[in-house]
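Examination of the molecular architecture
Listed below, chain by chain, are the residues.
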Amino acid sequence: MHNLSLLSASEKNRIELDKQAAYAVWQLKNGKAGPEVFLNQAESISDDDERAFYEKAVEKYKNQMGMV
């Protein structure tokens, strides 16, 4: 079992970005939000590497949820 509290701040942030990506894709798939949800979230991420990670996670979840 893994203890998430032992992760570094950057690793915790990546987990949060991954969760946000999954939720945004779920919202779009279920008609709770439009495609602007991805742009709004990406614009709020100031670090380029974190933004790229978020965008990659969005694509991963779109594929998993059959939205591609």
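Preceding this section is the structure that the text describes.
Quick summary incoming for the structure in this document.

Reading the values: the criteria
- Residues numbered from 1 in each chain as written.
- Predicted model: local features only at pLDDT ≥ 70, side-chain atom pairs only at ≥ 80, totals over all residues.
- Heavy atoms only, no water.
- Helix = DSSP H or I, 4+ residues; strand = E, 2+ residues; numbered from the N terminus.
- Buried < 20%, exposed > 50% of the residue type's maximum accessible area, 1.4 Å probe, protein only.
- Contact = heavy atoms within 4.5 Å.
- Areas by Shrake-Rupley, 256 points an atom, 1.4 Å probe, with all protein chains shown as cover.
- Lys, Arg positive; Asp, Glu negative; His and termini not counted.
- Charge placed at Lys NZ, Arg CZ, Asp CG, Glu CD.
- Expected span 1.5 Å × (residues − 1).
- Arc of directions from axis to C-beta.
- Polar contact = N/O pair within 3.5 Å; in protein donor to acceptor, adjacent residues only side chain to side chain.
- Salt bridge = Lys/Arg side-chain N within 4 Å of Asp/Glu carboxyl O.

1. Points about the overall build of the protein
Along its length, the protein carries three helices and zero strands. Tracing the protein from N to C terminus, the helices and strands come up as α-α-α. Along the first, second and third principal axes, the C-alpha set of the protein runs to 35 × 30 × 20 Å. Taken over 68 residues, the protein has a buried fraction of 25%. Partitioning the contacts of the protein with sequence separation of at least 6, the portion at a separation of at least 24 is 55%. Accessible surface, the protein: about 4900 Å² in total, of which carbon and sulfur atoms supply 52%. Each charge class in the protein can be summarised by its mean position, and for the 9 positive and 11 negative side chains these summaries are 8 Å apart.

2. Notes on helix H3 (residues 48–64)
Taking 1.5 Å of rise per residue, the 17 residues of H3 would be expected to cover 24 Å, and the 24 Å separating its terminal C-alpha atoms lies within 8% of that figure. All buried positions along H3 are accounted for by Tyr-54, Ala-57, Val-58, Tyr-61 and Lys-62. Down the axis of H3, the sector holding all buried residues measures 140 degrees, keeping them to one side. In H3, the exposed positions angled more than 90 degrees off the buried face are occupied by Asp-48, Asp-49, Lys-56 and Asn-63. In the core, the buried residues of H3 are packed alongside helix H1 (9–29) and helix H2 (36–43). You can read the cap of H3 off the contacts: a side-chain oxygen lies 3.0 Å from the backbone nitrogen of Asp-49, and it is on Asp-47.

3. Things to note about the pattern of salt bridges
Applying the stated rule across the entire model yields three salt bridges. The salt bridge involving Lys-60 is made with Asp-18; its shortest N-O contact spans 3.0 Å. Remark: Asp-18 occurs in helix H1 and Lys-60 occurs in helix H3; sequence separation between them is 42 residues. Its relative accessible area of 36% is what places Lys-60 among the partly exposed residues. A salt bridge links Arg-51 to Asp-48, with the shortest nitrogen-to-oxygen separation between them at 2.8 Å. With Arg-51 and Asp-48 both in helix H3, this residue pair falls three residues apart, about one helical turn.

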